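Observations on chain architecture
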2 protein chains.
Amino acid sequence: MQEFQLLERVFAHNVSLPACVVVPPGDDMAALRLPPQTSTILVAADSAVEGRHTPVGVDAYILGRKAVLRNLSDVAAMANARPFATLACAMIPVGTEEARVWRLFEGLRETALQWNAPLVGGDMTSVSAESALSVAVTILATPTDSSAALATRSSAREGDGVYVTGVLGGAWDRVTGLGRHLDFTPRLNVAQALFAQLGSQLHAMIDVSDGLMQDLGHIAKRSAHTLEIELARVPIENGWAPMDAIAHGEDYELAFTATGEVPAQLAGVPITRIGTVRAGDGIVQLFDGARTVTVSRAGWEHGT
Amino acid sequence: MQEFQLLERVFAHNVSLPACVVVPPGDDMAALRLPPQTSTILVAADSAVEGRHTPVGVDAYILGRKAVLRNLSDVAAMANARPFATLACAMIPVGTEEARVWRLFEGLRETALQWNAPLVGGDMTSVSAESALSVAVTILATPTDSSAALATRSSAREGDGVYVTGVLGGAWDRVTGLGRHLDFTPRLNVAQALFAQLGSQLHAMIDVSDGLMQDLGHIAKRSAHTLEIELARVPIENGWAPMDAIAHGEDYELAFTATGEVPAQLAGVPITRIGTVRAGDGIVQLFDGARTVTVSRAGWEHGT
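Structure report, in brief. (Residues numbered from 1 in each chain as written. Chains lettered and ligands numbered in written order. Predicted model: local features only at pLDDT ≥ 70, side-chain atom pairs only at ≥ 80, totals over all residues. Heavy atoms only, no water.)

Mapping chain A onto chain B calls for a rotation angle of 180° and an axial translation of 0.0 Å; the resulting RMSD is 0.0 Å. Within this description, the copies of the chain are treated as partners about a two-fold rotation axis. When C-alpha distances to the rotation axis are compared across chain A, the minimum falls at A:Ser131, with a value of 1.8 Å. Interface overlap between copies is the fraction of interface residues in one copy that are interface residues in the other; for chain A against chain B it reaches 98%, indicating a shared surface. (Least-squares fit on C-alpha atoms with pLDDT ≥ 70 in both. Contact = heavy atoms within 4.5 Å.)

Further remarks concern the packing of helix α2 (residues 60-76) of chain B against helix α3 (residues 98-114) of chain B. All names here are of chain B. Between α2 and α3, whose axes approach to 7 Å, the crossing angle comes to 35°. When the axes of α2 and α3 are compared, the crossing they make is right-handed. The residues of α3 that touch α2, namely those facing Ala60, Tyr61, Leu63, Gly64, Arg65, Ala67, Val68 and Leu69, are Arg100, Arg103, Leu104, Glu106, Gly107, Leu108, Glu110, Thr111 and Ala112. (Axes fitted to C-alpha atoms, helices over the stretch in contact; angles between N-to-C directions. Helix = DSSP H or I, 4+ residues; strand = E, 2+ residues; numbered from the N terminus. Left-handed = near helix turned anticlockwise from the far one by under 90°.)

Now for the sheet that holds strand β6 (residues 134-142) of chain A. If you trace the six strands from one edge of the open sheet to the other, you get β5(A)-β4(A)-β6(A)-β3(A)-β2(B)-β1(B), paired in mixed fashion. Strand pairing shows two members of the sheet lacking a second neighbour, β5 (119-127) of chain A together with β1 (21-23) of chain B, which therefore form its edges. Each adjacent strand pair in this sheet contributes to an overall mean axis angle of 25°, direction not counted. Examined bridge by bridge, strand β4 (residues 82-93) of chain A and β5(A) share eight bridges and lie parallel to one another. Considered in β5(A), the bridge of A:Ala88 is made with A:Gly122. Docked against the sheet, helix α3 (residues 98-114) of chain A engages β4, β5 and β6 of chain A, running at close to 155° with respect to β5(A). (Pairing = 2+ DSSP bridges.)

Residue and element names in this part refer to chain A. Of note, Ser155 is situated in the loop between β6 and β7 (161-165). Engagement of the side chain of Ser155 in a polar contact is seen with the side chain of Thr152, the distance being 2.5 Å. Apart from residues no more than four positions distant in its own chain, Ser155 is found in contact with Leu150, Asp160, His203, Ala204 and Ser223. (Polar contact = N/O pair within 3.5 Å; in protein donor to acceptor, adjacent residues only side chain to side chain.)

Right, let's talk about helix α4 (residues 188-198) of chain B for a bit. All names here are of chain B. Residues Leu188, Val190, Ala191, Leu194, Phe195 and Leu198 constitute the buried set of α4. For α4, the angular spread of buried residues about the axis comes to 170°, placing them on one side. Just downstream of α4 lies Gly199, where phi reads positive at about 55°. (Buried < 20%, exposed > 50% of the residue type's maximum accessible area, 1.4 Å probe, protein only. Arc of directions from axis to C-beta.)

Don't take any of this as a statement about function, it's just geometry.
Below is the structure:
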């Protein structure tokens, strides 16, 4: 495979690159003009690996798409953020058909462009034939409002409600590995609408990718507060056991804390209050109807 | 291995993160305050794979370091650019010792910080035990002078001299795979000093990573000019055949075109004029003392 020529062909498809791309892909670096008055940029990086984030043998387009969607979910979780540009480094096992590499990059390029974060940099590197096909994606974003705060994990305040978007559980089929985790809608619209409505009343936010309890644990720890959660309030997919659904990952919903009037639905997505932020020491306490379970970094500790 | 905890430990080493890092690693995204009056940012991404960019079994610190150095070389090649921040996604084969992963991230973190581009984002993903250890790095930079041009590959002008920094060839030992490609000095200081001295007289630039001829080919093609190179002028490492040295990669020197008085040395690195930019159609013509060889995308074509 001619790596350079293939990448050039991928980027040649970018006929509609936004005007902000002042040096397009193909140089040593791409250059991007920032929106006026931008004083801060946001960056994150996350990967997708065949056999781990998708079933083996999947259309590589789906792997590329998921890699970008995972990063967009991180942008959503800052609330005051708009995606801006994407870069991708692919690891291509020797012997991979060129058509498959092409599909990977089309998944990356089309998904990124669709969410206004054009693919402006890329690299592909051959790895041994036994290696997994994988792609590492970096995403850049700018604040929607430079003068306002970002919804960091450390921003929860005592008395905040704890909320979650959508419905948890069922994002992937345990047998086939398929499911909506392969083509989810990153909650950018919901996050931006929440930020627009709540402003400084929106505090901490995280995307639910590793399971609700573990992700809430990050907010609890970084905010140094206790999150009290009522299991009965958590919206759970039909057919899923609640304790499974909240320990599971790949939901790509948002969990957040806020004061004020939080709407019950935004951009077509339900928003549910599931608990309250209390003074405390960085743990999650889950009330399952009969008893309270403390969720710590070491796992689940059954309490009273 | 506890991926999350290990990453947290890596980032906890960042006691000296610059003040521009307003949301440090550990959130959904990192946030970076840009230098005042920044209207453009530069981005690039490049990987390093064990067994390809380093020998197998190398201290993983070296793999991490090289991944960052390769990206810094791209920053250097824009001339009007300062590195600003780094992100890294590592693919870790199942069964890799935690100490090895730690060394990888220390190589990434320390090298990035040393070049004022702190590691602000990272991710590690398990891949199958047979996969290569690899790391994809993204680097961000800002222009040194926002009102001045970047030294893109398409900026060569008729009449420019063609120059190269340092000495080509010998960056790696063909038997052991060792050599200075594992710990080179990216030519940031030289590039920035050239930009400071030459200003708008510095035109196209590229880093010499795939072999001088191939890299000059990118300038020729994108600038739509012919680059006439005299082989006898190219500074070649002792013991290397010139035609090998210019076809080889991994030099991480700079090639550039400029008018005006170009110094013979900057920041301790020799700078040598090796040719001239002529009107033409995007090819490199190499005069080897007896005849002229045309270097095209298809390879070497021996002419008259």
